[in-house]
Amino acid sequence: MSEEYAREDYVGFGRLYGAFWIGMKKCLRPFLRIEGENCALIDFSSMNVNLAYFFAGELPPTDEDLYDLTGLLCGFEKTPEWRKAVKKFVSSIWFCKNKTMPHGIWIPNQKLKYQDIWFAVLRRHPKLRSVLSTRNIGYRMAWFEGDIMVTILLQMKSRGIVGLPIHDGLICPQSKADEVKQIMSQVTLEKLGFSIPSSVKILEPMKPEAHWAVAVDPQISEDLKRKSGPWPRSQV
């Protein structure tokens, strides 16, 4: 596993890549084991937006969804599809060279243009105007994200806890989830001046009879559609 940079001065980008679990399909993650134990996934909430507030020198809103554009964007609804679209849009604009709709983003309201969503995000987060207008600031944010994650992993290592990083989240043994969540909160508090909230998802394999019930989901791997054969389990 290594950090990939966009510039020779090691300031641009810096996310962790190379480990097999990073590119693993989400439906296969429950089959991971750390020292024989089931795992948990701990994700930072709205990492990029929180980092943007740090770069702006402001404190982020708390106890609310930072991707919620209710009343600010035509047709926006509080659905997983809309939230995913807004999240992808916001995550992409940090790297945009031109003010055009990023590729690979499906917006439920196809009539909306780049400027419509951009101004809705700006109205939602007026304190981020300078950051939103800074070209390619995403590379600096990605570097800071990587730095935060490396610090978390080093603290986990000092406590004898194995962690498998996935960009702005990590996989750890279920029995250590609460302890790791506290480490993540403390590290962001020390580095940013405020804690970034995180969520814990217990990774439990589906029962065999449930595999076919979800086989219509395009995210389900072909490996999960087979009726026979041992289910893959990766030991770390």
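A brief report on the enclosed structure follows. From a predicted model like this one, the values you see are computed outputs, not experimental measurements.

**Description of helix α2 (residues 80–93)**
Given a rise of 1.5 Å per residue, 14 residues ought to cover 20 Å, and the 20 Å separating the end C-alpha atoms of α2 matches this to within 8%. Along α2, the residues that are buried comprise Trp82, Ala85, Val86, Phe89, Val90 and Ile93. End-on view of α2: buried residues confined to an arc of 125 degrees, all on one side of the axis. In α2, the exposed positions that point more than 90 degrees away from the buried face belong to Pro80 and Lys84. On its buried side, α2 packs onto α1 (47–56), α3 (114–124) and α4 (129–132).

**Some thoughts on α1**
The periodicity of an α-helix, 3.6 residues per turn, causes residues three or four places apart in sequence to face the same way. In terms of burial, α1 is largely enclosed, as seven of its 10 residues are buried. Residues Met47, Asn48, Val49, Asn50, Leu51, Ala52 and Tyr53 constitute the buried set of α1. Looking at the packing, one finds that the buried side of α1 touches β4 (39–44), α2, α4, α5 (138–158) and α6 (177–192). Positive phi appears at Gly57, one or two residues downstream of α1, with a value of about 75 degrees.

**What to know about the environment of Leu128**
In this fold, Leu128 is placed in the loop between α3 and α4. Taking the relative accessible area as the measure of exposure, Leu128 reaches 2% and is therefore buried. Here the alpha-carbon distance between Leu128 and Phe55, two residues 73 residues apart in the chain, equals 8.7 Å. The residues touching Leu128, leaving out its near neighbours within four places in the chain, are Val49, Ala52, Tyr53 and Ala56.

**Notes on the packing of aromatic side chains**
Following the criterion strictly, the structure yields eight aromatic pairs and no others. For the pair Phe54 and Phe55, a centre-to-centre distance of 5.7 Å together with 75 degrees between the ring planes defines the contact as edge-to-face. Phe55 sits in the partly exposed class, given a relative accessible area of 24%. Site record: aromatic cluster; members linked through ring pairs are Phe54, Phe55, Trp143 and Phe144.

The rules behind each value
- Residues numbered from 1 in each chain as written.
- Predicted model: local features only at pLDDT ≥ 70, side-chain atom pairs only at ≥ 80, totals over all residues.
- Heavy atoms only, no water.
- Helix = DSSP H or I, 4+ residues; strand = E, 2+ residues; numbered from the N terminus.
- Expected span 1.5 Å × (residues − 1).
- Buried < 20%, exposed > 50% of the residue type's maximum accessible area, 1.4 Å probe, protein only.
- Arc of directions from axis to C-beta.
- Contact = heavy atoms within 4.5 Å.
- Phe/Tyr/Trp six-rings, centres within 6.5 Å; stacked < 30°, edge-to-face > 60°.

In short, shape yes, function no, at least from these values alone.
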